[in-house]
Amino acid sequence: MSLSIDEVRWLIAHPHALGEASELPLTKKSMLADSAALRQEYGDMGRAVLEVAEARRSTAGKLPGEWVISSEAAQQATPYSVATMRALRLVRDGRPVHDVTCSIGTEVSALIDVGVPAMGSDLDFARLLMAQHNAPAPYAQADALTPVTSGHIIVADPARRAGGRRIARPEDLLPALPDLVEAWAGHDMAIKCAPGLDFSEWTGEVAVTSVDGGVKEACLYTPGLAEPGVSRSAWVIRGQSVDKYNDAMPDHCEVKPVGAYIIDPDGAVVRAGLVRHYAAAHGLWQLDERIAHLTGDAIPVGESGFEVLAQVPVKKVRQELQARNCGAVEILVRGVDLNPDMLRKQWKLRGDVQLAVIISRIGKTAVAFICRERQFNAGQVFDRV
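Residues numbered from 1 in each chain as written. Predicted model: local features only at pLDDT ≥ 70, side-chain atom pairs only at ≥ 80, totals over all residues. Heavy atoms only, no water.

## So, the overall build of the protein chain
Secondary structure assignment for the protein chain yields 13 helices and 19 strands. Expressed as lengths along the three principal axes of its C-alpha atoms, the size of the protein chain is roughly 65 × 55 × 40 Å. Counting only residues that meet the buried cut, the protein chain has 49% of its 385 residues in that class. Within the protein chain, contacts between residues separated by at least 24 positions form 64% of all contacts whose residues are at least 6 apart in sequence. Surface accessibility of the protein chain: about 18600 Å² in total, with carbon and sulfur atoms responsible for 50%. Across the protein chain, 41 positive and 48 negative side-chain charges occur, with their mean positions spaced 9 Å apart. (Helix = DSSP H or I, 4+ residues; strand = E, 2+ residues; numbered from the N terminus. Buried < 20%, exposed > 50% of the residue type's maximum accessible area, 1.4 Å probe, protein only. Contact = heavy atoms within 4.5 Å. Areas by Shrake-Rupley, 256 points an atom, 1.4 Å probe, with all protein chains shown as cover. Lys, Arg positive; Asp, Glu negative; His and termini not counted. Charge placed at Lys NZ, Arg CZ, Asp CG, Glu CD.)

Written out as structure tokens, the structure reads:
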């Protein structure tokens, strides 16, 4: 849900209410009682207090815990770690930045934190009030397609859903990508988009970012902000570490039989089309040139992988798993039209051992690998818990 202007002003003026709400269980089972207690204490503002308390809890670790934020904004907000990485990239330019879809102020806050002069604008005045509280800076109420500044780098985050459905084409974003570029012609831009869109015609850099294994966004940088010689990049954020790959890196990668381990590259690497570059960086090779599964004799530092125990035809997988007393299985499928959930039901496993099955197309044949998931840590390989 959203918050009204009056609700945001009241919440900012009564921070103790949010502090008290944070002590409530806020579970599905307790929600009716929690809501009743807050309404009894704060009257009509009880709903708003509950709204922010739930939104804060849902974004724990993603956004600062003291922010005023609605549940609607929480669902749309960029993880602070992603905004910080973008800010660290833009700070090198030295110019001020204007976030033209600033919402609750995530980008502005991250920019200010690293020393970039920043401002924001948005059509929603309630969001602007939240942004001013969360990240004090200059703000303006303005449409993203109506320039109100000049000389700034422009950051924009068009809406990626319409009518509850994901938008599949850049021209259908709200506002549309071509309209944004035209409105801010002459400005360098960083435009956040859903990673699954077709960016084949983008002339700058497409940077795909993941956080702890989940792909979060693709950011489109106009040529003036692109890294030299780079059109595709991947930013893999895990905790406090960041690994970066791009298409200016070497991409020599052989196709050979399976090694000791199979590596499934991070989703950002796959979405950015940098599987071969990732393989070359870590001394890996491909099982098939069309498939993203990689293999090698060692797991890259800090990565997880699958130790290969056996290679069998798909129709022999159940027999092999039963022989290994397998009762729980993770299934990864690439290049083959098989449903992991259906396979799991068909196999009807009853054992005590947990394993993984990787099914991949090699040439024209579907091949299954029985594996054990492993984690590289401090120069050793351990079972991944």
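## Comments concerning the layout of surface pockets
In this model, the largest pocket occupies a volume close to 1400 Å³. Surrounding the largest pocket, 50 residues form its lining, Q75, Q76, A77, T78 and D157 being those nearest its centre. Per element, the largest residue contribution to the lining of the largest pocket is five residues, and it comes from helix 6 (residues 80-90). Among the residues forming the lining of the largest pocket, the class breakdown is 22 nonpolar, twelve polar and 16 charged. (1 Å grid on protein atoms, 1.4 Å probe; cavity = no way out; pocket = protein on both sides within 12 Å on 5 of 7 lines; lining within 4 Å. Points joined across faces, edges and corners; volume = space filled by probe spheres on them. Nonpolar A, V, L, I, M, F, W, Y, C, P; charged D, E, K, R; others polar.)

## A word on the sheet that holds strand 3 (residues 139-141)
Taken in spatial order, the nine strands line up as 3-2-1-4-7-9-8-10-11 in an open sheet, and their pairing is mixed. In this open sheet, the two strands that pair with only one neighbour each are strand 3 and strand 11 (241-246). In this sheet, adjacent strand axes meet at a mean angle of 20 degrees when their direction is disregarded. Sheet analysis places strand 2 (residues 118-122) next to strand 3, joined by three bridges and oriented parallel. Bridging from a neighbouring strand, G120 pairs with Y139 of strand 3. Relative to the sheet, helix 6 contacts strand 1 (97-99), strand 4 (153-156), strand 7 (189-193), strand 8 (205-211), strand 9 (214-221), strand 10 (232-238) and strand 11, its axis offset from that of strand 9 by approximately 30 degrees. (Pairing = 2+ DSSP bridges. Axes fitted to C-alpha atoms, helices over the stretch in contact; angles between N-to-C directions.)

## Examining the nonpolar core
L11, V49, L90, I104 and Y139 are the most contacted members of the largest nonpolar core, which totals 58 residues. Not counting the four nearest positions on each side in its chain, L11 is found in contact with L3, L18, A48, V49, V52 and V68. (Core = buried A, V, L, I, M, F, W, Y, C linked by side-chain atoms within 4.5 Å.)

## Topic: the packing of helix 1 (residues 5-13) against helix 4 (residues 46-58)
Two elements in contact, helix 1 and helix 4, have axes whose closest approach is 10 Å; the angle formed by their N-to-C orientations is 75 degrees. Accordingly, the angle class assigned to the pair helix 1 and helix 4 is roughly perpendicular. Residues E7, W10 and L11 of helix 1 lie in contact with helix 4, whose contacting residues are R47, A48, V49 and V52. (Parallel < 35°, antiparallel > 145°, perpendicular 65-115°, else oblique.)

## Side note on empty space enclosed by the protein
Overall, the coordinates contain one cavity of 30 Å³ or more when judged by the stated rule. Volume-wise, the largest cavity comes out at about 50 Å³. For the largest cavity, the full set of lining residues is V82, M85, R86, A207, T209, E217, C219, Y221 and W235. Elements represented by at least two residues in the lining of the largest cavity include exactly helix 6, strand 8 and strand 9. Taken together, the residues that form the lining of the largest cavity break down as six nonpolar, one polar and two charged.

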